[in-house]
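Each chain is listed here by its residues.
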Amino acid sequence: MILFIIPLVIPGLLGLGEVELKSPIAVRAGDNLELDCLYDLEGAPLYSVKFYQGDEEFYRYVPKESPPTRVFPRPKLQVDLGGSNSTRVTLRAADKDLTGAYKCEVSADAPLFHTAIRTAHLVVTVEPQRGPEIQLEKTKYTPGERLRANCSSSPAFPAANLTFYLNGAKVERSDRNRLWWYLKSEERGLESSRLELETIFPGGNLQLSCRSVQFSLYSRTVHVDLTEDAPLIAHVLGPTSSHDSEGGLNMGHITTRGTLFLLWLTVLKVIYTLQR
């Protein structure tokens, strides 16, 4: 005898369907922050939705309770109840210390009480107070000369990402281009960054640029023009010096002095002839 087993799917018996926690990758300090917990109960009733900062619960929604929302105090975390509900929690004036992992936990009601948890990581940024700055030894170079430059960013959180460009083309690390990136801890938990470049000046006129970036929230670029330092050409003739720039004699003066000398010899010869 052959038995056929036909699966019977009843809405609600499979528990939770798709659960997703949507949050920005980064948000500026002082801006509001929204976390969305999207879920499909597949017909089952909702028991609760909970939000966590790390492992600490700070917001709960239970439809059977009155009121259905409840807030658990956390340092520097301000829940806006007016902007929070069964799928969303809104945080006012985000602080950089709120950077970290967040979780939403969704539980279906009886009879299964299935639970799903999703996690997302976000960063609360503090922008640099000043744009990037480029420092150079000089702005004129001869072809083949070594060029050294550094670009620095003022304190921020996290440290701004720095990139050099030459005539709009990104400078990549190679045998020709050497790059060093430095990070320094500053007050109030901020960080400053510095990028150093060493390359060979190819000649001509160039534009050296440095771009400072924090995610898609902040971007500043500074430019410096570099020019080719053409060698000075020594003057062959000159009215004031008897020597040129290479230490040789000035032929213009030699010609003039030679003429005067011959003229003087002629005068002496005439005088000598008259005396005889």
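Asks: Can you break down the side chain of S193 residue by residue, with the values?
Replies: Tracing the backbone shows S193 in strand β17 (residues 191-200). Of the polar contacts made by the side chain of S193, one reaches the backbone oxygen of A160; its length is 2.9 Å. When neighbours within four sequence positions are excluded, S193 is seen to be in contact with C151, S152, S153, A159, A160, L162, W181 and Y182.

Asks: Run through the sheet that holds strand β13 (residues 146-156), naming residues and quoting values.
Replies: On the basis of which strands lie adjacent, the open sheet formed by four strands has the order β11-β13-β17-β16 and antiparallel pairing. Each having just a single partner strand, β11 (133-136) and β16 (178-185) make up the two edges of the open sheet. Along the sheet, successive strands turn relative to each other by an average axial angle of 20 degrees, direction set aside. Pairing analysis gives nine bridges linking β13 to β17, with the strands arranged antiparallel. The partner of N150 across the bridge, within β17, is E196.

Asks: Tell me about the pattern of salt bridges, and please be specific about residues and values.
Replies: For the structure shown, the criterion picks out 18 salt bridges. With a closest N to O distance of 3.9 Å, K76 and D95 form a salt bridge. On the criterion of sequence distance, the pair formed by K76 in the loop between β6 (69-71) and β7 (78-80) and D95 in the loop between β8 (88-92) and β9 (100-108) is long-range, its members being 19 residues apart. For E198, the salt bridge identified is with R148, shortest N-O distance 3.5 Å. Separated by 50 residues along the polypeptide, E198 in strand β17 and R148 in strand β13 bring together distant segments of the chain. Taking the relative accessible area as the measure of exposure, R148 reaches 37% and is therefore partly exposed. Through salt bridges with shared partners, a single ionic network connects E137, R146, R148, R178 and E198.

Procedures and definitions
For every chain, the first residue of the written sequence is number 1, and numbering continues from 1 onward in sequence order. Whole-chain, interface and lining totals are the exception, using all residues; otherwise, since this is a predicted model, local features are given only for residues with pLDDT of at least 70 and side-chain atom pairs are given and counted only at 80 or more. The side-chain quantities take in all heavy atoms of the structure and omit both hydrogens and water. Under the DSSP-based scheme used, a helix requires at least four consecutive residues in state H or I and a strand at least two consecutive residues in state E, with every element numbered from the N terminus. Pairs of N or O atoms are called polar contacts if they sit within 3.5 Å, as long as, within protein, a hydrogen donor faces a hydrogen acceptor (for residues adjacent in sequence, only side-chain-to-side-chain pairs). We call two residues contacting when some pair of their heavy atoms lies within 4.5 Å. Strand pairing follows a simple DSSP-based rule, namely that at least 2 bridges must link the two strands. Where helices are involved, their axes are fitted lines through C-alpha atoms of the stretch in contact, as for all axes, and angles between N-to-C directions lie from 0 to 180°. Here, a salt bridge means any side-chain nitrogen of Lys or Arg that lies within 4 Å of a carboxyl oxygen of Asp or Glu. Accessible area is worked out with a 1.4 Å probe on protein chains only. A residue is then buried under 20% of its type maximum, exposed over 50%, and partly exposed in between.

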